[in-house]
Amino acid sequence: MQFRDLNRQYNHIKSDIDKRIQTVIDSTTFIQGKEVKELEEKLADCVGVKHCVSCANGTDALQLALMAWGIGPGDAVFVPDFTFFSSGEVVSVVGATPIFVDVRKDTFNIDVNSLEYQIQKIKDTGELVPRVVIAVDLFGLPADYEAIKNICLKHELLLLEDGAQGFGGKIGEKRACSFGDISTTSFFPAKPLGCYGDGGAIFTDNDEWAALIRSYCVHGKGDNKYDNVRIGMNSRLDSIQAAVLNAKLPIFINEELDKAQEIANIYTAALADVVRTPVIAKNYYSSWAQYTIQLSDKKERDGLQVYLKEKGIPSMIYYQKPMHRQLAFSNYKYDDKGFTCSKKLADTVLSIPFHPYLTSDEIEYIVEEIKKFHES
Ligand SMILES: *Cc1c(COP(=O)(O)O)cnc(C)c1O
């Protein structure tokens, strides 16, 4: 059994993917070919924003957003303490300071009370200027955008939605990657919508930022790539990746999101009495990048992981370490106090196999083994 079986999806749409890849090879336009333009238009339309700019990966997408806003030394950027490293890494890359914020233990997403507290603390200390909140749609679930937007308005902060895992999710009818002033996603193979290599995209309604990002991602180009008006980077999506995504997008939207929801419902119905299962608020829809359960403590969690492995069931710990404890950030000298939930989650979470092509037999087997472990 695989944690996320990408072969089954490929077999389902093999002829379309193969044909589209061959078309790119025949055209020899490997970088920014017409597949890329087609994809950007479809993605913007799907998400319901004016501009989509594709780029090389989800980490660059976040960095490009910060560059477009001119974030740098002296700026404070608020980031959830429980997320993938990139969400905070990019802040340091542009020279700004990541300020970590505790998360909620029910949704895994940024805790707005902790956010208010950290913003006020930065304002009171007066050494850094609060500029941006990066909200992450962790495991596929959109963050609490209504409350987050109010806080951003009140403190005049920009909102960056890290939708690397959230693409496909919704609040009401509004799609993930439309909630930030700028929003980003990743097409890393294991993300909800993945390509066959690295890829990413940036979404915004703002014409000026979109134009700046188009320049930054191709060496700060002016009229063309040999007219350079600012220091940028080389971050483009290649045509073969766009071709793969063009083939996958329709089944992702029309089939896979519904199937993922069905599987999540089965897991939750079967496991809710045994372990802590994910909580999805009313009107929220997850893209189910992960199905993550919580055990009572580290010993039980690690024990379950070993037990499942013996039974041939892979599982993953997303994430082992809260951001403020990462060695790479040690120069900031974060206080380890606070962060009650992120520390607890790092010890108790376990993501179990999840993808839209899991069979009922596999689901049943996984559920039974988790129950057996719990009874033993
Ligand atoms: C995967 C991920 C990223 C980075 O995406 P890459 O395409 O791997 O660079 C950023 N943020 C979060 C929350 C992610 O899960």
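About the criteria used
- Residues numbered from 1 in each chain as written.
- Predicted model: local features only at pLDDT ≥ 70, side-chain atom pairs only at ≥ 80, totals over all residues.
- Heavy atoms only, no water.
- Pairing = 2+ DSSP bridges.
- Helix = DSSP H or I, 4+ residues; strand = E, 2+ residues; numbered from the N terminus.
- Core = buried A, V, L, I, M, F, W, Y, C linked by side-chain atoms within 4.5 Å.
- Buried < 20%, exposed > 50% of the residue type's maximum accessible area, 1.4 Å probe, protein only.
- Domains from an automatic or database assignment.
- Contact = heavy atoms within 4.5 Å.
- Near = heavy atom within 4 Å.
- Polar contact = N/O pair within 3.5 Å; in protein donor to acceptor, adjacent residues only side chain to side chain.
- Areas by Shrake-Rupley, 256 points an atom, 1.4 Å probe, with all protein chains shown as cover.
- UniProt positions renumbered as here; feature names shortened; annotations may be inferred.

- By the naming in an unreviewed UniProt entry, the chain goes by dTDP-4-amino-4,6-dideoxygalactose transaminase and is assigned to Butyrivibrio fibrisolvens DSM 3071.

**A look at the sheet that holds strand β7 (residues 174–175)**
Moving on, step 1. Ordered by their spatial adjacency, three strands build an open sheet running β7-β6-β10, and the pairing between neighbours is antiparallel. A single partner strand is all that each edge strand has here, and the edge strands are β7 and β10 (284–285).
Moving on, step 2. Sheet topology places strand β6 (residues 170–171) next to β7; two bridges connect them, and they run antiparallel. Bridged to I171 within β7 is K174.

**Points about the nonpolar core**
Moving on, step 1. Ranked by internal contacts, the top residues of the largest apolar core, which has 67 residues, are F82, L160, Y267, I293 and I370.
Moving on, step 2. When residues of this core are sorted by domain, at least three fall in each of domain 1 (6–101 + 109–247) and domain 2 (250–375).
Moving on, step 3. Look past the residues within four positions of I370 in its chain and what remains in contact with it is L271, V274, V275, I293, L304, L308 and I352.
Moving on, step 4. Of all hydrophobic cores here, the second largest spans 27 residues; its members include I17, L39, C195 and V244.

**Some remarks on the pairing of strand β9 (residues 200–204)**
Moving on, step 1. Burial analysis of β9 places five of its five residues in the buried class, which makes it a mostly covered element.
Moving on, step 2. Here β9 shows no split at all, with G200, I202 and T204 on one side and A201 and F203 on the other all buried.
Moving on, step 3. As judged from the five bridges shared by strand β1 (residues 51–55) and β9, these two strands associate in the antiparallel manner. The residue bridging V53 from the neighbouring strand is I202, located in β9.
Moving on, step 4. Strand direction decides the pairing type here: strand β8 (residues 182–186) and β9, joined by four bridges, are antiparallel. What sits directly across from T185, in β9, is A201.

**Some points on the site of the ligand**
Moving on, step 1. Near the ligand lie 14 residues; those nearest to it are G58, T59, D162, S186 and K191.
Moving on, step 2. At 2.7 Å from an oxygen atom of the ligand is found a main-chain nitrogen or oxygen belonging to G58.
Moving on, step 3. Within the side chain of K191, a nitrogen or oxygen atom sits 2.6 Å from an oxygen atom of the ligand.
Moving on, step 4. For the ligand, whose free accessible area comes to 380 Å², the fraction covered by protein is 93%.

**What to know about the UniProt feature "modified residue: N6-(pyridoxal phosphate)lysine" (unreviewed entry) in the chain**
Moving on, step 1. Feature annotation in UniProt assigns "modified residue: N6-(pyridoxal phosphate)lysine" (unreviewed entry) to the following positions: K191.
Moving on, step 2. Note that K191 resides in the loop between β8 and β9.
Moving on, step 3. In contact with K191, other than residues within four places in its own chain, are R4, A164, Q165 and S186.

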